[in-house]
Amino acid sequence: MKYENLMLSGLFVVCLLVCTLVLGAMLKAAPSSVQLAATGSVGNALLAAPVQCALPADGVICPRLPG
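Everything quoted here is computed from the prediction, not taken from an experiment. (Residues numbered from 1 in each chain as written. Predicted model: local features only at pLDDT ≥ 70, side-chain atom pairs only at ≥ 80, totals over all residues. Heavy atoms only, no water.)

1. Remarks on the overall build of the protein chain
Counting its secondary structure elements, the protein chain contains 3 helices and 0 strands. Going from N to C terminus, the protein chain has its helices and strands arranged as α-α-α. Across the 67 residues that make up the protein chain, the buried fraction comes to 1%. Accessible area of the protein chain: about 6,300 Å², with a carbon and sulfur share of 73%. (Helix = DSSP H or I, 4+ residues; strand = E, 2+ residues; numbered from the N terminus. Buried < 20%, exposed > 50% of the residue type's maximum accessible area, 1.4 Å probe, protein only. Areas by Shrake-Rupley, 256 points an atom, 1.4 Å probe, with all protein chains shown as cover.)

2. Considerations on the confidence of the model for the protein chain
On average, the protein chain scores 74 in pLDDT, and the residues at 70 or more come to 45%. By mean pLDDT, the top-scoring element of the protein chain is helix H1 (residues 2-28) (95), and the lowest-scoring one is helix H3 (residues 42-48) (56). (pLDDT = per-residue confidence, 0-100.)

3. So, the state of the cysteines
In the structure shown here, the tally under the stated rule is 0 disulfides. Here cysteine 15 stays unpaired: no disulfide links it, and the sulfur of cysteine 19, its closest cysteine neighbor, is 6.5 Å away. Among the residues examined, cysteine 15 registers a relative accessible area of 39% and is labelled partly exposed. On the basis of relative accessible area, cysteine 19 is assigned to the exposed category, the value being 53%. (Disulfide = S-S within 2.5 Å.)

The structure is reproduced here in structure tokens:
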């Protein structure tokens, strides 16, 4: 009985630690769009923008043609 209680309390501590680390990572992380907006640099935003459309250019979804 003592061994089971020790294992359960250890599992509880490990689960609590993992949940705390995941929550801390979610609260600390910032999306790249927020980081780009915070710097205020247009050059960084243009470098992060894709050169070509990811979808096939049919004139409706991707009206801008490269060139």
